[in-house]
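Spelled out, the chains give:
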Amino acid sequence: MQIMNDQKKIEILQKIIQINSVNSNETQVADYISSLFSKFPEVDIQKIAYAPNRDNLVLTIGKNKGPMLGLTGHMDVVAPGNLEDWNYDPFSATIADDKVYGRGATDMKSGLAALVVALLELLEHKIELPGKIRLLATVGEETGEYGAAQLTKEGFADNLAGLLVAEPTSNMQNIVYTARGVIDYKVKSYGKTAHSAEPQLGINAIDNLIVFYHLALERLLKFNKTDPVLGGVTHNITKIKGGEQVNSIPSYAELMGNIRTIPDYPNQYFYDELEKIIAELNQKEGFKLAITYSFPEEAISGKPDSQIIKIAQKTHQTVLGSAAKITGSSGANDGAEFLQAKGDFNSIELGPGSNTSHQSNEYVEISDYLNAVKFYKQFALDFLQNKQIRKTISETD
Ligand SMILES: [Zn+2]
């Protein structure tokens with residue numbers, strides 16, 4: 001079988017970037033990836049529909065008993081924003097100065113493509129795996145990790161021996177083992193409209209919302225522990241609107257808040273506190289407040305000395321010739337969902353990409369991408385062959 005050259009590897013990345021998968025259309029990415037594996041009938045390919053045109057892809061290689069390593073990447077990207085800020089069409093995957101430019105070049109189609117190419121190379125070289133590797137390619141990571149949530153619920157991440165999330169970590173220089181969680185909430189305040197000359201006939205929804213606003217900021221300050229890697233909890237009210245016209249008492253107002261959590265505090269602590277405030281205020285005359293949450297994610301605690309990190313460090317040294325930095329991330333990722341699966345395993349984030357995520361002129365350096373391919377291929381083998389990993393699996397078998 002013909003072995004892939006660098007040109008072909010870069011072309012695969014470009015093809016994936018050229019598919020516009022802004023919060024939708026992941027099926028096209030899944031289909032393209034599947035097509036690359038069509039010449040290997042031994043690969044188990046499953047498409048798991050989340051919504052029309054939004055399929056997750058689960059691809060498993062290896063038939064021998066042994067540990068199963070999970071590799072994951074999301075197929076969606078965020079919107080390109082103002083096209084005039086881009087030097088090239090964000091879906092052209094233009095190559096210039098040894099970089100590939102495009103939406104998702106860093107976050108995270110280069111990580112996803114590198115995983116795909118690494119698997120293809122293992123298959124092309126007919127390497128007998130001492131276990132299995134499962135690629136979990138997800139939909140909707142950027143808007144709530146619901147693809148990962150669905151795959152977890154349906155059991156696709158059960159009993160993994162470890163998970164690697166190929167999100168960008170500063171040109172493969174960092175191994176991220178802990179990450180903040182996130183809670184986005186919305187509070188709606190209902191009042192009663194009246195002429196502003198007779199405010200006593202109405203209920204001012206803005207006034208009531210502002211009472212909540214101050215109380216929430218103050219009361220959440222009690223979650224004041226500091227994580228040695230991630231820092232403290234952050235809480236910000238980031239959107240607010242209300243009122244109908246300047247000479248009417250407002251009958252409706254709403255705000256949105258964003259909390260970035262740390263492993264010391266499960267998300268439930270924040271729900272409990274916010275709901276306590278709402279319940280207290282709703283006891284008062286005229287208050288009618290309601291709270292909802294969108295896409296909450298738990299923080300990932302992780303252990304800096306877990307076996308998967310030790311293996312990744314060693315592979316990093318061997319393949320890339322340098323020591324990786326073990327660190328934390330302020331952003332949530334699909335790992336938070338997959339870690340809810342059955343079994344006890346650890347996850348790391350390690351992937352190619354620059355510091356241009358979600359920005360115009362997003363790019364990945366070609367050498368960074370090709371390094372990622374080399375790393376993933378070797379890491380998968382090192383992980384599956386690791387005595388400690390194999391021992392834990394046989395103990396749980
Ligand atoms: Zn991402």
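Relevant structure appears above.
Residues numbered from 1 in each chain as written. Predicted model: local features only at pLDDT ≥ 70, side-chain atom pairs only at ≥ 80, totals over all residues. Heavy atoms only, no water.

Caption draft 1: Highlighting the nonpolar core. With 70 residues, the main nonpolar core has Phe37, Leu164, Tyr376 and Phe379 as its most contacted residues. For this core, the element with the highest residue contribution is helix H3 (residues 105-124), accounting for 13 residues. Apart from residues lying up to four places away in sequence, Tyr376 is in contact with Gly111, Ala114, Leu115, Ala118, Leu164, Ala166, Met172, Leu350, Gly351 and Pro352. (Core = buried A, V, L, I, M, F, W, Y, C linked by side-chain atoms within 4.5 Å. Buried < 20%, exposed > 50% of the residue type's maximum accessible area, 1.4 Å probe, protein only. Helix = DSSP H or I, 4+ residues; strand = E, 2+ residues; numbered from the N terminus. Contact = heavy atoms within 4.5 Å.)

Caption draft 2: Layout of the environment of Ile33. Relative to the assigned elements, Ile33 resides in helix H2 (residues 26-36). Under the relative-accessibility criterion, Ile33 is labelled buried at 0%. Residues Ile33 and Leu112, 79 residues apart in the sequence, show an inter-C-alpha distance of 9.8 Å. Setting aside residues up to four positions removed in sequence, Ile33 forms contacts with Ile16, Leu57, Leu59, Leu112 and Val116.

Caption draft 3: Geometry of the coordination of the zinc ion. Around the zinc ion, the donor atoms from the protein are His74 (NE2), Asp107 (OD), Glu167 (OE) and Glu167 (OE), and they sit 1.9 to 2.5 Å away. Geometry at the zinc ion is irregular, judged from the 4 donor atoms that bind it and their angles of 54 to 143° at the metal. Binding-site remark: the zinc ion is held by donors from one chain whose sequence spacing is H-x32-D-x59-E. Note that His74 is positioned in strand S3 (residues 68-74) and Asp107 in helix H3, a separation of 33 residues in sequence. Exposure class is identical for His74 and Asp107. Each is buried. (Donors = N, O, S within 2.8 Å, 3.2 Å for Na, K, Ca; no water. Tetrahedral: all angles 85-135°; square planar, octahedral: opposite > 155°, others 65-115°.)

Caption draft 4: Spatial organisation of the pattern of salt bridges. For the structure on display, the rule yields 14 salt bridges. We note a salt bridge from Lys9 to Glu121, for which the minimum N-O separation is 3.0 Å. Here Glu121 lies in helix H3 and Lys9 lies in helix H1 (residues 6-18), a separation of 112 residues in the sequence. The two residues Lys9 and Glu121 agree in class, both being buried. (Salt bridge = Lys/Arg side-chain N within 4 Å of Asp/Glu carboxyl O.)

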